[in-house]
Amino acid sequence: MVDVLLSDAEKTFIIHGIQDNLRDDGRGCEDYRHMEIETDVVSSTSGSAKVRLANTEILVGVKAELGEPSSGKPDKGRLEFFVDCSANATPEFEGRGGEDLALEISNMLTRAYDCPKCLDLGKLCVIKGQQCWVLYVDILLLECGGNLFDAASVAVKAALYNTCIPTVTVSQDEGHVDIELSDDPFDVQHLDVTSAPCIVTLSKIGHSHVVDASQKEEACCLARLMMGVTEKGTVTALKKEGSGSLDPSSVEEMMETGKRVGQALNKSLMEVLCLEEQKGKKKEKTGFLR
Amino acid sequence: MFSCYIVTFCSPRIRKTSSMAGMELLSDQGFRIDGRKPKELRRIQCRLGVFNQADGSAYIEQGNTKVLAAVYGPHETAGGRGKALHDRVLVNCQYSMATFSTGERKRRPRGDRKSKEMTMHLQQTFNAAIMTSLYPRSQIDIYVEVLQSDGGNYCASVNAATLALIDAGIPMKDYVCACSASFVKDCPMVDINFLEESSGGPELIVATLPKSSQIVFLEMNSRLHEDNLSKVLDVAVKGTKDVYQVLDNAVRDHISEVSAFHKLDQS
C-alpha cells in the first residue's frame, strides 16, 4: 500500500475524531467521499469506465474475446481480472514495484465475482465446452488516494455495465460449426450487472470502524475487513487484512455496517449508471480533459 | 512468395486492414483514410495538471491516441547513490501501454521489447532537452502511460511528457515536439495514424526543439528514396512546429487559469 508519513500526534488527532464520528475531512464514519463515474471513455474496448474517488483514479477497460471455457465450467464464459499499477500513481510502482498490490486487488475481485448468482456467465457461452466469451477486465490504477479496492470494484461494475458483446450466431452443417459475428455495432448484448458485487472496505481505527478510509486514515489503521457486497446485501467474499487483530464481536459489527453501506453503494451506483445511459450520445465526453 | 510472407508474419489486426483492399491511403481527390488532407494534423486536445500527487502531469489526445504522462522530481536518486550522476540529473523514463489500449489485448503493459525501446528513446529525447546540469546527483522520473493507441505513440508520448515537465516546472531548453510523417503516392503525409503506419509505407518520426529547429530524435522505418527524404522531413518538422503552437497555447491557457485562481486566493 502506498504510505503517507504521519506523526503520532496526527494519528491521535484522527483516531480521536473518529471516536466522535467526525473525520478529518468532515465526514461521518459511514460516508463515502465524492465519487465521479464516467463510462465509455476508451473506444478500443468493449466497455470502459473511469472512476475518481477523491484522489484515487482508476480506469477500467473490458475486452471481450472468444476463447475456450475452463474445463471445470464448460457451459460458462470466463471473467479474467488484471490489475496494472501504473507508475504515474507513485514512483514506487515503477518496473515490477506494483505487482504485489496488483495481485492483491485482482485476487480480491476474482473472489468477489466467483459467485454463481452475481453475474450470469452462462450467457457468455457460445459452444458448450469449446467456445465462450472471455471478458478481460483490465484495471489501470492511475492515482492512489486511499481505498483502492472499493474504487476498483465500483469501476469494474461500471465498466461491465457499459460492456457490449457482439451477437454471435452459431450454425452447424455436416459437423462443421460456423461462428458468425455480427458487424452491426448496435446488434449487441449487454450484461446484467444488477447483482454484481461492490467491495466495501472497513478500516478499524481506534475502537470504531470507518468506510472509505483516506490515505491518512489508512496509515492509522491496523486491521481492515474487505467484503464483496451485492445489491441485496449478500456477502460474496470476505477478507481480513492488515497487521492488527480483530475480535469476533467487532467483525460482526463491521459486517453489519458493510452490508448496509454496500447495499446503499450498489443502489446509488446503479442509479448513476442508468442515468448516464439515458443521456446516451448526448452527454459530453470529457474523460481526462475536464 | 511475397504474399506468403505477409500472411505468416503479420498480426491478425494487420491482416484485417490489408483485406480492406478498397481503402486507399490517399484517394485521387487527395484525401486520406480518415478524411484529412495530407498535411493536416489530427485534432490535438490536452490538459495540464491532471493529477494532484505527481509533481507534474499532463494528458494529451492526438486523434484517437490518448496518453497520460506524470513527472516526479527532481528528487534523490532511487536505489542508493550508485546510480547518481555527479555532474547532471538522471532522467529516468518508463513507457507503458494499458493492456486494453490496442485493438488486440496486450498481455503485458510493459517490459516487452517495444516498450523498452520506447523507454530508451524517451530517455534520449529528454536528456537532450532538459537542462540536466542544474540538478547534479538527483533524478527526474517521467512516466508515460498510453491509454489508447492509434498510431504515433512515440509522438504523443513526447508531447505529453513535455507538457508534464512544464507543469512540474523543470527547466528545459525548449519544448520538445514530435511528429511523424509518411510518403504515399509521391505525396508526403503528416501525423500518420495506425492504419497508415501499418500499411508498410515509410515512416519518419522526428522530435525537435521547435524554436531553434534542432532535431533531437530521428527515426525512419521502411524504405524511402533518398531524393524524397528532405520533403518528408520538411513536412514532419513543419508538423512539430504546428504541434508546438497547440502545446504553447495550452500551457499559456493553463498558466493564466492557475494564476487567476491564485489571485482570487490572495484577495
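Cut-off values and rules
Residues numbered from 1 in each chain as written. Chains lettered and ligands numbered in written order. Predicted model: local features only at pLDDT ≥ 70, side-chain atom pairs only at ≥ 80, totals over all residues. Heavy atoms only, no water. UniProt positions renumbered as here; feature names shortened; annotations may be inferred. Pairing = 2+ DSSP bridges. Helix = DSSP H or I, 4+ residues; strand = E, 2+ residues; numbered from the N terminus. Axes fitted to C-alpha atoms, helices over the stretch in contact; angles between N-to-C directions. Expected span 1.5 Å × (residues − 1). Contact = heavy atoms within 4.5 Å. Buried area = accessible area lost by both parts, 1.4 Å probe. Salt bridge = Lys/Arg side-chain N within 4 Å of Asp/Glu carboxyl O. Polar contact = N/O pair within 3.5 Å; in protein donor to acceptor, adjacent residues only side chain to side chain. Buried < 20%, exposed > 50% of the residue type's maximum accessible area, 1.4 Å probe, protein only. Left-handed = near helix turned anticlockwise from the far one by under 90°. Nonpolar A, V, L, I, M, F, W, Y, C, P; charged D, E, K, R; others polar. pLDDT = per-residue confidence, 0-100.

- As annotated in an unreviewed UniProt entry, chain B carries the name Exosome complex component RRP41 and comes from Potamilus streckersoni.
- For the record of chain B, the UniProt heading Sequence similarities (unreviewed entry) holds the text "Belongs to the RNase PH family."

- Under the annotation held in an unreviewed UniProt entry, chain A carries the name Exosome component 7 and is attributed to Potamilus streckersoni.

1. Quick notes on the sheet that holds strand β5 (residues 138–148) of chain B
Residues and elements named next belong to chain B.
Next, step 1: Ordered in space as β1-β2-β3-β5-β4, the five strands form an open sheet in which the pairing is mixed. Each edge of the sheet is formed by a strand with only one pairing partner; in this case those strands are β1 (44–48) and β4 (90–97). Adjacent strand axes in the sheet meet at a mean angle of 15° when their direction is disregarded.
Next, step 2: As defined by bridge partners, β1 adjoins strand β2 (residues 56–62) across five bridges and the pair is classed as antiparallel. Looking at the pairing, Q45 lines up with E61 of β2.

2. A short note on helix α4 (residues 153–168) of chain B
Next, step 1: Taking 1.5 Å of rise per residue, the 16 residues of α4(B) would be expected to cover 22 Å, and the 22 Å separating its terminal C-alpha atoms lies within 8% of that figure.
Next, step 2: Directly beyond the C-terminal end of α4(B), a positive phi value near 75° is found at G169(B).

3. Quick notes on the interface of chain B and chain A
Next, step 1: Counting residues at the interface gives 34 residues for chain B, matched by 35 residues for chain A.
Next, step 2: Each partner contributes to the roughly 2,800 Å² buried at the junction of chain B and chain A, and carbon and sulfur atoms together form 51% of this total.
Next, step 3: Among the residues chain B hides against chain A, the three largest losses belong to Q53(B), F100(B) and R105(B). Together they make up 28% of the total.
Next, step 4: At the boundary of chain B and chain A, one finds two salt bridges.
Next, step 5: Where R105(B) meets D138(A), a salt bridge forms, and the shortest distance between an N and an O atom there is 2.7 Å.
Next, step 6: Where chain B packs against chain A, one counts 22 residue pairs in polar contact (both at pLDDT 80 or more).
Next, step 7: Among the elements that take part in the side of chain B that touches chain A, β5(B) stands out by supplying six residues, more than any other.

4. So, helix α5 (residues 248–279) of chain A
All names here are of chain A.
Next, step 1: Under the 1.5 Å per step criterion, the end-to-end length of α5 is 46 Å for 32 residues, consistent within 8% with the ideal 46 Å.
Next, step 2: Listed as buried for α5 are S250, M254, T257, G258, V261, G262, L265, N266, L269, M270, L273 and E276.
Next, step 3: The first or second residue beyond α5 is G280, which carries a positive phi of 55°.

5. Overview of the UniProt feature "domain: Exoribonuclease phosphorolytic" (unreviewed entry) in chain A
Next, step 1: UniProt records the feature "domain: Exoribonuclease phosphorolytic" (unreviewed entry) for residues 32–166 and 197–260 of chain A in the present numbering.
Next, step 2: Helix makes up 22% of residues 32–166 of chain A and strand 38%. Its end C-alpha atoms lie 36 Å apart.

6. Quick word on unusual backbone geometry
Next, step 1: In this structure, P74(B) follows G73(B) across a cis peptide bond, with omega equal to 0°.
Next, step 2: A positive phi angle, near 50°, is found at D212(A), a position not held by glycine.
Next, step 3: As for its position among the elements, D212(A) is in the loop between β12 (208–211) and α4 (215–220).
Next, step 4: Residue K185(B) is not a glycine yet carries a positive backbone phi of 50°.
Next, step 5: Relative to the helices and strands, K185(B) is located in the loop between β6 (177–184) and β7 (187–190).

7. Some words on the packing of helix α3 (residues 148–162) of chain A against α5(A)
Residues and elements named next belong to chain A.
Next, step 1: Look at α3 against α5: their axes get within 11 Å of each other, and the N-to-C directions meet at 35°. Here α3 runs over α5; the crossing is right-handed. Listed contacts from α5 to V154, K157, A158 and Y161 of α3 are L265, N266, L269, M270, L273, C274 and E277.
Next, step 2: Looking at side-chain class alone, the contact of α3 with α5 contains eight nonpolar, one polar and two charged residues.

8. A short note on the UniProt feature "domain: Exoribonuclease phosphorolytic" (unreviewed entry) in chain B
Residues and elements named next belong to chain B.
Next, step 1: Mapped onto this numbering, the UniProt entry gives "domain: Exoribonuclease phosphorolytic" (unreviewed entry) at residues 40–171 and 174–239.
Next, step 2: Helix makes up 25% of residues 40–171 and strand 33%, and the two end C-alpha atoms of the span are 31 Å apart.
Next, step 3: Along residues 174–239 the backbone is 27% helical and 41% strand, and the end-to-end C-alpha distance reaches 16 Å.

9. Overview of the side chain of T39(A)
All names here are of chain A.
Next, step 1: You can see T39 is positioned in strand β1 (residues 35–39).
Next, step 2: A residue is classified by how much of its surface remains accessible, and T39, at 8% relative accessible area, is buried.
Next, step 3: Here the side chain of T39 touches E276 through a polar contact of 2.9 Å, side chain to side chain.

10. Focus: the sheet that holds strand β11 (residues 198–205) of chain A
Residues and elements named next belong to chain A.
Next, step 1: If you walk across this open sheet you meet the four strands as β12-β11-β13-β14, and the pairing is antiparallel. Across the chains shown, the open sheet's two edge strands, defined by having one partner strand only, are β12 and β14 (235–241). On average, adjacent strands in this sheet sit at an angle of 20° to one another, irrespective of strand direction.
Next, step 2: As paired strands, β11 and strand β13 (residues 223–229) are joined by seven bridges and run antiparallel to one another.

11. Description of the confidence of the model for chain A
Next, step 1: Mean pLDDT for chain A: 91, with 98% of residues reaching 70 or above.
Next, step 2: Element-level mean pLDDT values for chain A span from 85 in strand β9 (residues 176–181) of chain A up to 96 in α3(A).

12. Quick notes on the pattern of salt bridges
Residues and elements named next belong to chain A.
Next, step 1: Going through the model one piece at a time under the given rule, you end up with 28 salt bridges over all chains.
Next, step 2: Between R27 and E217 there is a salt bridge whose closest N-O contact spans 3.6 Å. With R27 in the loop between α1 (8–19) and β1 and E217 in helix α4, the pair connects residues that are 190 residues apart, well separated along the chain.

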